[in-house]
Amino acid sequence: MTQTILTVDDSRTMRDMLRMALAEAGFNVMQAVDGVHGLEVLQTAMPDVIVTDINMPKMDGFGLIEAVRKDGRYRNVPILVLTTESDAAKKTRAKEAGATGWIVKPFEPVKLIAAIRRVAA
Amino acid sequence: MTVDTMAAIRQTFFQECEEQLSEMELGLLAMDEGSADSETVNAVFRAVHSIKGGAGAFKLTALVQFAHSFETALDHVRSGKLTPLPDVMKVMLRAADVLADLVEASRDGKEIDESSYAAIASEVKALTVIEGQAEEVEEVIDFQPTVIDFGLPEITIDIPATPSHDYRINFSPRPELYGNANETVLVLRELNRLGIMQATCDTSAVPQLDAVDPGGAYLAWSIDLNSEHEIADVREVFEFVEGEADLSIETDGQAEVSDADIAALLSQALSGAPAVEPEAQSQTIAEPATPQMQALPETTSVEPASTPAPAAEIAKAESKTAAVVPTQTTIRVEFDRVDRLINLVGELVINQAMLSQRVIEANFAGSSSVVIGLEELEQLTREIQESVMAIRAQPVKPLFQRMSRMVREVADATGKEVRLKTEGEATEVDKTVVERLAEPLTHMIRNAVDHGIEAPEVRLAAGKPAEGMVRMTAAHRSGRIVIEVSDDGAGIDRPKVRASAIKKGLIAADAQLSDNDIDNLLFLPGFSTAATVSSISGRGVGMDVVKRSIVALGGRISISSRPGLGSTFSMSLPLTLAVLDGMAVSVAGQTLVVPLTAIVETSKPKKGEIHSLGADGRVMSIRNTFVPVIDVGTQLGFRDVAMEPERGVAILVETGDGTRNALLVDSIQDQRQVVIKSLEANYGTVAGIAAATILGDGRVALILDVDALVSGLLNDPLAGELRYGTGG
Amino acid sequence: MHDIGHAANSGDREFVAFCMGSQEFCVDIMGVREIRGWTPATPLPHAPPYVRGVINLRGAVLPIIDLAMRFGLGLTEPTPRSVIIVVQVHQQVVGLLVDAVSDILMTSEASMQPTPDVASEMAKTFVKGVYAVDGRMISIVTLDCVLPVTEKAAA
């Protein structure tokens, strides 16, 4: 069964790269440009995985994760955080907010897919 | 990803970089002025962060490293660790320029000379070191070659001599693990892909069903894994959950692969099944009815993604992508499409005018429904035209931003301190005009900084602040765009200008000129007062070139100056190059259009005002100056005998170089806006004619090129004497 | 205005035949965009005498060339029955002023005869061959040389 991934990133370049990598691997892709938009999309659709950037205008990645976790419907949706920072503090913060895992940018399609497999059925 | 899609995304990336650089510069300028809030700082950080992210994906190492350093410094500002004092901002602004250069070089694939920005780079790095904190560890950027994994089942055929490891893994999730939507079964499935796995679940901690706490964690696993992978890969599987579980991984050391193992592997490989039967796996994992444990997936075998040819796959990907397109406030359109639309609308306007004309000729009653309908059509057409013109209209902001950088560079190079203030960046003008404004504006800004603003010591001695100010404003005024560039420098050195002009033979030694006349001498060709032609302002590129460019755009430029206080250049330009405001005139039975920008005034010549000069030259006296009279009809070859001036109308025009002439025409029809049609497409250039237009009656009318028409006379030796002489 | 279709066969050629004075000429139909009636042209200053001026062709500016004048046959007096043949020569579209269109010829490359060697500049420059049709001689015009040589502004 084809799985659906929601990607949230304010960079058009990153959205394009994610879409290409995920679509090639056989996923359906939904996209949003920031946390606020991401929440709007979630009102109408339930993805299997959320992949989100941290630094975004209007509502950043942490804000989005916290909001998603508060919503009963999405408590169990795996959320992967996309980040260029690889330091432990950011990862802890992401975890505390409720992130399931992370992917470091620049990402390799292989690692992205592997990370998704680790968190999605 | 295929080469094509990567190329397309690369293009997107560089387009995005332009936008990010613009955002970044705006934000930095606001920070510099002290008018930035935390959101602005955040936006600047995000812009640099974004550029770094994309650059990493395209392996643009130099760009990534610089951006990373810059980003860290910005991070310190936004977290309050670094205060954006003026000298900090100075470094940041220079860093922004370097970043822009690096982006451009990366985009064009040019080599970047590290030494050219090494100074700025180290200054930025210095900003990243916060007192009392350990120095920021340079992020190790590890570029792996991109491998496309199509997800085929792993068919591992071991070669006997390859060592494999036995791992013993004990894994006990804590409740927090499930809180973040991690699933043990998924982790185990991934582990499974690394080799041969045997997992046993210890359910001893599971209480009676009625005592089960849905948020609790009661299961522990012990897993035996035989894999060729190194321990790092094994640990990576648990990467997300390590912090929320008790995890231990032991390795028993290398184990030789026995023949029996090889046989087993081979049979599995041949059947194409994953290393461990999914059913067997499900038996070893208990299925208590706890809410957080989802029902096991039907099969945990790896689903191979199909591998059609890349093209087909992209097509499939496109059709599968249920991309939710965010509502944007802007839309990207190819310029050609807009151009076509504008052309079509232009023809619509002409057609509508023709229709109106025919209706008038057909003598319909004024109130008839046809006439009324036509009036509505005219109104509608005009609105459509305005809307369409507005599509191509762009704010001058990007132009102003480029000037901002120019000011910094020239100031640096000439050792001056200059600040640029801009106003009216949102003022819009047709794209074609914006593009052609860049060069003249650049010259003017360079001149203002290089020649206008004095050196800091000189300014201080004059009681001015050491920092000079250049102001650039844009505004709409009576259907045109007015751009002013002013500086608070020393103003025009009039005696020097006058002396230089006399020396160059541009004016007579005893010529009496007003202050404004002297100022305007700057626009004469070949004029330059720079003692040494500085490399900044270029090899003697003077204001005459600027004036010519502005005039070529259908604009006018003037200058005003106050000694010691500064100079102001004022330009007025049409809003678009596709449409022209003109005066329709009759000449020898033909209709011609004279561009309004060239016209100073019109008058009906009276007998005493016309004088003869030479064989067949004529001049007209206008308020004590004499201007040459040009019989347009004979000039264009429409008539052989010059007309009598008193029977016609004189149109006083001013050409690019400031000279005035009187164009003699039969009569004036009216003032109107005309759509410019090219003559060159199907014919070629015609001396004295700029372009053509189509009148309401469907006929073609020619648009005069006033400069060319007048210069046809310049070979006439009489003309020169008249230019700067005084009236009688 | 008529739109002319294209020649069906590649071996055969289709020509639009027209007359100027007492002489008959033709041009390859492939280059013909349309045929329209005469409308007065706006004269261009200092243009060669065979350039009558420009007219409006649906929003584009079309130069009109008096073909008879170009061929040295004298100035054409346009009448309401005069015809303008709109042709495309390379990148330019121009209108040829002629007296009338006489025929559409379907003929083949093979039946083209070489231009008779008469002492005429016009013949050598503009005529690339002749067809014999029903006892009439129809000269085939090469359009390349018809256009005035003008300066083009830099692209």
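Structure: see above.
Residues numbered from 1 in each chain as written. Chains lettered and ligands numbered in written order. Predicted model: local features only at pLDDT ≥ 70, side-chain atom pairs only at ≥ 80, totals over all residues. Heavy atoms only, no water.

K.L.:
Sorry, what's going on with the overall build of chain B here?
P.N.:
Counting its secondary structure elements, chain B contains 22 helices and 22 strands. Evaluated residue by residue, chain B yields a buried proportion of 44% over its 728 residues. A fraction of 70% describes how many contacts in chain B between residues 6 or more apart in sequence connect residues 24 or more apart. Accessible surface computed for chain B: about 36400 Å², of which carbon and sulfur atoms make up 53%. (Helix = DSSP H or I, 4+ residues; strand = E, 2+ residues; numbered from the N terminus. Buried < 20%, exposed > 50% of the residue type's maximum accessible area, 1.4 Å probe, protein only. Contact = heavy atoms within 4.5 Å. Areas by Shrake-Rupley, 256 points an atom, 1.4 Å probe, with all protein chains shown as cover.)

K.L.:
Mind showing me how you'd approach a nonpolar patch on the surface here?
P.N.:
Taken together, the side chains of Leu348(B), Leu380(B) and Ile384(B) define a hydrophobic patch exposed on the protein surface, amounting to about 240 Å² of accessible area. Looking at the element boundaries, Leu348(B) is found in helix 12 (residues 335-361). (Patch = residues over 30% accessible without salt bridge, like charges linked within 9 Å, V, L, I, M, F, W, Y side chains within 5 Å. Salt bridge = Lys/Arg side-chain N within 4 Å of Asp/Glu carboxyl O.)

K.L.:
Could you clarify how one ought to interpret the pairing of strand 22 (residues 700-704) of chain B in this entry?
P.N.:
Regular strands show a simple pattern: their side chains alternate between the two faces of the sheet. Residues and elements named next belong to chain B. A large share of strand 22 lies buried, amounting to five of its five residues. Because side chains alternate across strand 22, one face comprises the buried residues Val-700, Leu-702 and Leu-704, and the other comprises Ala-701 and Ile-703, equally buried. Pairing between strand 13 (residues 590-595) and strand 22: two bridges, direction parallel. Residue pairing for strand 22: Leu-592 is matched across the bridge by Leu-702. Pairing analysis gives five bridges linking strand 21 (residues 689-694) to strand 22, with the strands arranged antiparallel. Residue Ile-689 lies in a different strand from strand 22, and its bridge partner there is Leu-704. Following strand 21, the chain reverses through five residues before pairing antiparallel with strand 22; Gly-698 in that reversal takes a positive phi of roughly 90 degrees. (Pairing = 2+ DSSP bridges.)

K.L.:
Please clarify how unusual backbone geometry should be interpreted in this entry.
P.N.:
Excluding glycine, residues mostly have negative phi values, and the peptide bonds linking residues are mostly trans. Of the consecutive residues Lys105(A) and Pro106(A), the connecting peptide bond is found in the cis state with omega at -5 degrees. Looking at the element boundaries, Pro106(A) is found in the loop between strand 5 (101-104) and helix 5 (109-119). Look at Asn624(B): it is not a glycine, yet its phi comes out positive at around 75 degrees. Examined against the element boundaries, Asn624(B) turns out to sit in the loop between strand 16 (617-622) and strand 17 (625-631). Accessibility expressed as a relative area gives 56% for Asn624(B), which makes it exposed.

K.L.:
Would you mind showing me how to read the sheet that holds strand 8 (residues 468-477) of chain B here?
P.N.:
Pairing between the strands of a sheet is mediated by backbone hydrogen bonds and can be parallel or antiparallel. All names here are of chain B. Spatially, the five strands line up as an open sheet ordered 6-8-9-11-10, and their pairing is mixed. Looking along the sheet, the strands with just one partner apiece sit at the ends: strand 6 (418-423) and strand 10 (556-562). Along the sheet, successive strands turn relative to each other by an average axial angle of 15 degrees, direction set aside. As defined by bridge partners, strand 8 adjoins strand 9 (residues 480-487) across eight bridges and the pair is classed as antiparallel. The partner of His-476 across the bridge, within strand 9, is Ile-481. Running at roughly 20 degrees to strand 9, helix 15 (residues 431-452) makes contact with strand 6, strand 8, strand 9, strand 10 and strand 11 (566-574) of the sheet. (Axes fitted to C-alpha atoms, helices over the stretch in contact; angles between N-to-C directions.)

K.L.:
What exactly am I supposed to notice about helix 1 (residues 3-33) of chain B here?
P.N.:
Since there are 3.6 residues in each turn of an α-helix, residues three or four apart along the chain are aligned in direction. For helix 1 of chain B, with 31 residues, the first-to-last C-alpha span of 45 Å sits near the 45 Å given by 1.5 Å per residue. Once helix 1 of chain B ends, the next one or two residues include Gly34(B), with phi positive near 85 degrees. (Expected span 1.5 Å × (residues − 1).)

K.L.:
What should I look at first to understand the interface of chain C and chain B in this one?
P.N.:
Each partner contributes residues to the interface: chain C has 27 residues there, and chain B has 24 residues. Carbon and sulfur atoms make up 58% of the area that chain C and chain B hide from each other, which totals about 2000 Å². The interface formed by chain C and chain B holds zero salt bridges in total. There are three residue pairs in polar contact (both at pLDDT 80 or more) connecting chain C and chain B. Looking at the side of chain C that touches chain B, the elements with two or more residues in it are strand 4 (51-57), strand 5 (60-66) and strand 7 (92-98) of chain C. If one sorts the elements of the side of chain C that touches chain B by residue count, strand 4 of chain C sits on top with four residues. Tallied by class, residues from the side of chain C that touches chain B come to 17 nonpolar, seven polar and three charged. (Buried area = accessible area lost by both parts, 1.4 Å probe. Polar contact = N/O pair within 3.5 Å; in protein donor to acceptor, adjacent residues only side chain to side chain. Nonpolar A, V, L, I, M, F, W, Y, C, P; charged D, E, K, R; others polar.)

K.L.:
Sorry if this is basic, but what is going on with the pattern of salt bridges here?
P.N.:
A side chain of one charge can pair with a side chain of the opposite charge when the charged atoms of the two come close. All names here are of chain B. By the definition in use, this model includes 41 salt bridges over all chains. With its nearest N and O atoms 3.0 Å apart, the salt bridge here joins Asp-412 to Arg-94. Residue Asp-412 is located in helix 14 (residues 397-414), and its partner Arg-94 is located in helix 4 (residues 86-108); the two are separated by 318 residues in the primary sequence. The exposure class of Asp-412 is partly exposed, given its relative accessible area of 42%. Judged by its relative accessible area of 25%, Arg-94 is partly exposed.

K.L.:
Hey, could you run me through the nonpolar core in this one?
P.N.:
In globular proteins that are soluble, nonpolar side chains generally tend to be buried together. Core analysis: the largest hydrophobic core is formed by 112 residues, its most contacted members being Met24(B), Leu28(B), Phe66(B), Phe70(B), Met92(B), Leu99(B) and Leu191(B). Here the element with the most residues in this core is helix 4 of chain B; it accounts for twelve residues. One finds Ala598(B), Phe638(B), Leu709(B) and Leu147(C) within the second-largest nonpolar core, a separate group that totals 59 residues. (Core = buried A, V, L, I, M, F, W, Y, C linked by side-chain atoms within 4.5 Å.)

K.L.:
It is not clear to me how the packing of helix 5 of chain A against helix 7 (residues 184-192) of chain B should be interpreted in this structure. Could you clarify?
P.N.:
Between two packed helices, the angle of one axis relative to the other and the distance separating the axes together describe the packing. In contact at an axis separation of 7 Å, helix 5 of chain A and helix 7 of chain B are set at 135 degrees when each is read in the N-to-C sense. As summarised for this structure, helix 5 of chain A and helix 7 of chain B are arranged oblique, according to the angle between their axes. Each of Ala114(A), Arg117(A), Arg118(A) and Val119(A) in helix 5 of chain A lies in contact with helix 7 of chain B, whose residues at this interface are Leu186(B), Val187(B), Arg189(B) and Glu190(B). Split into classes, the residues belonging to the contact of helix 5 of chain A with helix 7 of chain B amount to four nonpolar, no polar and four charged. (Parallel < 35°, antiparallel > 145°, perpendicular 65-115°, else oblique.)

K.L.:
Can you walk me through the packing of helix 15 of chain B against helix 19 (residues 543-552) of chain B in this structure?
P.N.:
Residues and elements named next belong to chain B. Taken N-terminus to C-terminus, the directions of helix 15 and helix 19 make an angle of 150 degrees; their axes are 9 Å apart at the nearest point. In terms of orientation, helix 15 and helix 19 fall into the roughly antiparallel class. The chirality of how helix 15 crosses helix 19 is left-handed. Between helix 15 and helix 19, the contacting residues are Arg-436, Leu-437, Pro-440, His-443, Met-444 and Asn-447 on the first element and Met-543, Val-546, Ser-549, Ile-550 and Ala-552 on the second. The residue inventory of the contact of helix 15 with helix 19, partitioned by class, reads seven nonpolar, three polar and one charged. (Left-handed = near helix turned anticlockwise from the far one by under 90°.)

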